[in-house]
Structure formats: C-alpha cells, structure tokens
Amino acid sequence: MPFTHARQLSFRSPSITGSNWALLPSAAGFVDPLLSTGFPLTLLGITRLGKILDEHWGSPRLETSLQEYARQTDDELLATARLIGALYQNMNDFPTFRLLSLLYFAAASYAEVARRLNKPELASSFLLHDHPEFGPESRRLLTLARATLGPAEKEALTNDIYRLIRDFDVAGLGKRPANHCYPVDAADLFASAQKLGTDATEIEALLRRTGFYSAEIRHQH
Ligand SMILES: Cc1cc2nc3c(=O)[nH]c(=O)nc-3n(C[C@H](O)[C@H](O)[C@H](O)COP(=O)(O)OP(=O)(O)OC[C@H]3O[C@@H](n4cnc5c(N)ncnc54)[C@H](O)[C@@H]3O)c2cc1C
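Residues numbered from 1 in each chain as written. Predicted model: local features only at pLDDT ≥ 70, side-chain atom pairs only at ≥ 80, totals over all residues.

Draft legend 1. Quick look at the site of the ligand. Surveying the vicinity of the ligand reveals the residues Leu24, Ser26, Ser36, Gly38, Phe39 and Thr42. Ranked by residue count, the leading element in the shell around the ligand is helix H2 (residues 38-56), at 3 residues. Among the residues making up the shell around the ligand, the classes are represented as 2 nonpolar, 4 polar and no charged. (Near = placed C-beta within 6 Å. Helix = DSSP H or I, 4+ residues; strand = E, 2+ residues; numbered from the N terminus. Nonpolar A, V, L, I, M, F, W, Y, C, P; charged D, E, K, R; others polar.)

Here's what the structure looks like:
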C-alpha cells in the first residue's frame, strides 16, 4: 500500500454498552500506539466480560454489571490518554519524557507480576489508575507535567515520581542507573516481594513456573 496520512486516529465512543451488548475496549476507544496499550486494555476487557457473563447471564444484575464495565473501560481510556498526553507534551524534553515513562513501567511491571502471582486484585485497573494511592497521585503529576515547568518544579516532579513508584517498583526502576538501562534481574523481584504481599519462596516458584530460568540458560548459551 502507498503511505497515507490520517489526521486523527484517536476516538472515544459515546456508548460502550447497551441492552445485551458491549464493545470491547479496542472498539470503545483508541488513544495512540505509544506504549502499546491495545492488547492489555483488550485483555482486561475480555476478562471482565467473561466474569460478567459467567456470573450474571440471565440475571437482572447483567445490565448494571455491563454499565460498570463501561465505566471501567472509559476510565481506563482516559487514564491512558492522560499518560500519553503528558508524554507527547514532553516529547522535546527527553529527561522529563523518560521520567514520566517510569509511571508506566512501574504500574505495568507491578500489575504483570501481581497477575503471575495469581493476585490480580492487587492491580485491578490499567496503569493502577483506581489504586487509592497510585491513581490520584499519578493523575496529579501527569496534569502538572502538561504545563511548562521551571527547573525547581521539574526537580519536585522528579522527586514526587520516584517517591510514588517506590512502593510499586518491582523492576529496579528506583536505582537510577547512569545509562538509564534496566536489565531484567530476578534479584529486583526478590527484593520487592514484600510490595506484592509475598515472599522469596513464591517469587522463586513464579520464576520457575514462567520459564525465567530456562530462558536465562538459553540466553547464556
Ligand atoms: C498496525 C497495528 C499495530 C498494533 N500494535 C500493537 C502493539 O504493538 N501492542 C498492543 O498492545 N496493541 C497493538 N495494536 C492494537 C491491538 O492489535 C488491538 O488492540 C487488538 O488486536 C484488539 O483485539 P480485538 O480482539 O478486539 O480485535 P481484533 O484483533 O481486530 O480481532 C477482531 C477479529 O474479528 C474478525 N472479524 C471482524 N468482523 C468479522 C465478522 N463479521 N465475522 C467474522 N469475523 C470477523 C477480524 O477478522 C479479526 O480477526 C496494534 C494495532 C494495529 C492496527
């Protein structure tokens, strides 16, 4: 196909559910390819719809649970838009762009490990946007990051972001390596076991179950 230029790809559907129907998140709205949010949003939606059909099919609760699904889906699109909007706003300021991306990496890696530990309730929303601590504070910081900030405000933003991710960082993001590269290191996960309400034995079992060690051996060879 020849290259084509599309002015605007993002959209947000005014209705997400109705009587006995629901849109998947990917049909309910789209923000931007940055951060690859399509699959996780869709999979979260499928999980929720599966649970609704399983528990409420044929019951009067179906309607209200679909409405709740619509609210969650729309809220997650807005949370995604807030993060991606702040990143685009700082596209010409790479240190701030990189700093803001920590909110994504902290939330995504925390949620992925929580799921692999069979504790999805620890991270029930995308980007932890409805987490009582992470949600409101990341919203505040992302709103702040959309304004033009002076050096002192940028320093405060940096400190606030590192403070916010501290209790959710399971990937060594707070180590601030000089080259900004974060290797995949199992030690980071062991050191973060408490943040996930677990211990070294369960982390060890998770790494074995998900093939981490065999992948490591393949990598070494
Ligand atoms: C170019 C591109 C790159 C992307 N890259 C990423 C990425 O890197 N990371 C990420 O997270 N997300 C990415 N996404 C988004 C991601 O692909 C979507 O969010 C996800 O695939 C949506 O899943 P879905 O099941 O809702 O829809 P789809 O994957 O589109 O599946 C719908 C299926 O239904 C079929 N279908 C449609 N109508 C009918 C019909 N009448 N009868 C029978 N079958 C029908 C279609 O053929 C299709 O197979 C990308 C999207 C695009 C377009």
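Draft legend 2. Up close: the nonpolar core. One finds Leu83, Leu103, Ala106, Ala107, Tyr110 and Leu128 to be the most contacted residues of the largest nonpolar core, which totals 38 residues. Listed by contribution, the elements that provide at least two residues to this core are helix H3 (61-89), helix H4 (94-116), helix H5 (134-144) and helix H6 (151-165). Counting residues per element, this core draws most heavily on H4, which supplies 9 residues. In this view, Ala106 contacts Ile165, Phe168, Asp169 and Leu173; residues no more than four positions away in its chain are not counted. (Core = buried A, V, L, I, M, F, W, Y, C linked by C-beta atoms within 7 Å. Buried ≥ 20, exposed ≤ 12 C-beta atoms within 10 Å, placed from the backbone. Contact = placed C-beta atoms within 7 Å.)

Draft legend 3. Looking closely at unusual backbone geometry. For Leu128, which is not glycine, the phi dihedral falls at a positive 55°. Note that Leu128 resides in the loop between H4 and H5. Judged by local crowding, Leu128 falls into the buried class, with 23 C-beta atoms found within 10 Å. At His180, a position not held by glycine, the phi torsion is positive, near 60°. Relative to the helices and strands, His180 is located in the loop between H6 and helix H7 (186-191). Judged by the 9 C-beta atoms lying within 10 Å of it, His180 falls in the exposed class.

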